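An overview of the molecular structure
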Amino acid sequence: MDLRQLDYFVSVAEELNFTRAAERVFAAQSTVSAGIRALEAELGAPLFDRDPHGVRLTAVGEAALEDARVALDAVGRMHDAARGDGELRGAVRVGIFTNLTPIDLPGIMGAFHRRHPLVDLRLGPSPSGSTGLVEDVRQGRLDVAFVGLPDRLPGLLERELAVSPFVALLPQSHPLASRAEVSLAELADEQWVDARAGFGNRVTLDRELAALGIVRHIPTELSDLGEIPRFVAARLGVAALPELTVIPAEGAVVVPLRERIDWRLGVIARPRPSAAATALLDLGAERFARSRTLEAR
């Protein structure tokens, strides 16, 4: 058994596709397939079920996956310690939000790249928002993710970055648009625009609405949180979003909510992250702490 075989195994397990796994580890597909077969022969059991419909982990594969990840992480930390030159290397896979200019994730990633140019940053969102990002971190498909869920996440390393209250967004022509504040009860019967189920803001708001006994109609669901104000401006419905995420749109008015609902933005990783992943966690916390200091002045 060698490290390349473990790397091939983890890559195929996370991609569930030999072609994509081979591209990820910069190897020929035949090389990856041969490495997996050799590993299965050494273990004496198949790690994957293969059929025309795809690739799936066997029970043995499921049990071995966590140990393989731990072994690769440990070797990575050994290499970091042995180099001793202060330069971070490796790859960090990061789950991010897109099109949210008030949250300067591009600025954080750019600063990280300048500090650690030898680290390969791989960035991408999840179609199911924070819920999907958490699952990707738990399964090892991501090393770090920015998430906005209301609950603590057992078994994961978490750092809170910011807390933002929800505000209402109304079309400029809406009868309540000139109010000093509105309540969720006053908006209950409206058409709503919101993120898709699984997004952190949606999870947080749905929980509050359920506690109030409010059931709403959401004909417009979006995968891009930053676009919601534009759809509200087009009079397709009302919305409630964390104030920190609102991108102003002409024709949409922000009105404070009477209820206090907090959205918590954080960054997460699996326990014992790599040195590069730890550096990214630290930079995110540093940048948001600096923003809060400037706002308080």
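Residues numbered from 1 in each chain as written. Predicted model: local features only at pLDDT ≥ 70, side-chain atom pairs only at ≥ 80, totals over all residues. Heavy atoms only, no water.

Observations regarding the pairing of strand β4 (residues 119–124)
Where strand β3 (residues 90–95) and β4 come together, six bridges link them in parallel fashion. Within β4, the position partnered with glycine 90 by the bridge is valine 119. Regarding the hand of the β-α-β motif, the stretch spanning β3, helix α5 (residues 105–115) and β4 is right-handed. (Pairing = 2+ DSSP bridges. Helix = DSSP H or I, 4+ residues; strand = E, 2+ residues; numbered from the N terminus. Right-handed = clockwise from strand over helix to strand, strands pointing away.)

Describing the side chain of glutamate 40
Turning to its location among the elements, glutamate 40 is positioned in helix α3 (residues 29–43). Among the residues examined, glutamate 40 registers a relative accessible area of 10% and is labelled buried. For glutamate 40, the residues in contact, after removing those within four places along its chain, are Ala45, Pro46, Leu47, Phe48 and Arg50. (Buried < 20%, exposed > 50% of the residue type's maximum accessible area, 1.4 Å probe, protein only. Contact = heavy atoms within 4.5 Å.)

A word on helix α8 (residues 200–211)
The first and last C-alpha atoms of α8 sit 17 Å apart over 12 residues, in line with the 16 Å expected at 1.5 Å per residue. Along α8, the residues classified as buried are Gly200, Asn201, Arg202, Thr204, Leu205 and Leu209. Once α8 ends, the next one or two residues include glycine 213, with phi positive near 75°. (Expected span 1.5 Å × (residues − 1).)

Notes on the pattern of salt bridges
Under the definition given, this model contains 26 salt bridges. Across the pair aspartate 120 and arginine 122 runs a salt bridge, and its minimum N-O distance is 2.9 Å. Within this structure, Glu14, Glu15, Arg20, Arg24, Arg69, Arg93 and Asp143 form a network of salt bridges that share partners. (Salt bridge = Lys/Arg side-chain N within 4 Å of Asp/Glu carboxyl O.)

Some words on the packing of aromatic side chains
Note on aromatic pairs: each is described by the distance of the centres and the angle between the planes. All told, the structure shown has three aromatic pairs when counted by the stated rule. Between the aromatic rings of phenylalanine 9 and phenylalanine 48, the centroid separation amounts to 5.7 Å while the plane-to-plane angle is 65°, which identifies the pairing as edge-to-face. Here phenylalanine 48 lies in strand β1 (residues 48–51) and phenylalanine 9 lies in helix α1 (residues 3–15), a separation of 39 residues in the sequence. Just as phenylalanine 9 is buried, phenylalanine 48 falls in that class too. With a centroid separation of 6.3 Å and 50° between ring planes, the pair formed by phenylalanine 97 and tryptophan 263 is classed as tilted. Of this pair, phenylalanine 97 sits in the loop between β3 and α5 while tryptophan 263 sits in strand β11 (residues 262–269), and the two are 166 residues apart along the sequence. Using a relative accessible area of 18% as the deciding quantity, one classes phenylalanine 97 as buried. (Phe/Tyr/Trp six-rings, centres within 6.5 Å; stacked < 30°, edge-to-face > 60°.)

Thoughts on the nonpolar core
If you look at the biggest cluster of nonpolar residues, it comprises 60 residues, and the most contacted ones within it are Val144, Phe146 and Ile228. Sequence-distant contacts of isoleucine 228, defined by excluding residues within four places in its chain, comprise Val193, Asp194, Ala195, Leu222, Ala239 and Leu241. By size, the runner-up hydrophobic cluster in this structure holds 19 residues, among which are Val12, Leu47, Leu57 and Ala68. (Core = buried A, V, L, I, M, F, W, Y, C linked by side-chain atoms within 4.5 Å.)

Comments concerning the packing of α1 against α3
If you want to describe how two helices pack, look at the angle between their axes and the distance between the axes. Contact geometry for α1 and α3: axes closest at 9 Å, N-to-C directions at 105°. What the angle tells us is that α1 and α3 run roughly perpendicular. Within the contact between the two elements, α1 uses Gln5, Leu6, Tyr8, Phe9 and Val12 and α3 uses Thr31, Val32, Gly35, Ile36, Ala38, Leu39 and Glu42. Along the lines of polarity and charge, the residues of the contact of α1 with α3 split into eight nonpolar, three polar and one charged. (Axes fitted to C-alpha atoms, helices over the stretch in contact; angles between N-to-C directions. Parallel < 35°, antiparallel > 145°, perpendicular 65-115°, else oblique. Nonpolar A, V, L, I, M, F, W, Y, C, P; charged D, E, K, R; others polar.)

Looking at the confidence of the model for the protein
Put simply, the protein has an average pLDDT of 90, and 95% of its residues get 70 or more. Scored below 50 in pLDDT, residues 293–297 makes zero contacts in the model with residues more than four places away or belonging to other chains. (pLDDT = per-residue confidence, 0-100.)

Comments concerning unusual backbone geometry
A positive phi angle is found at phenylalanine 26, which is not glycine, with a value near 55°. With respect to the helices, strands and loops of the structure, phenylalanine 26 is situated in the loop between α2 (18–24) and α3. On the accessibility criterion, phenylalanine 26 (71% relative accessible area) is exposed. Notably, arginine 235 is not glycine yet its phi reads approximately 65°, a positive angle. We classify arginine 235 as exposed; its relative accessible area is 62%.

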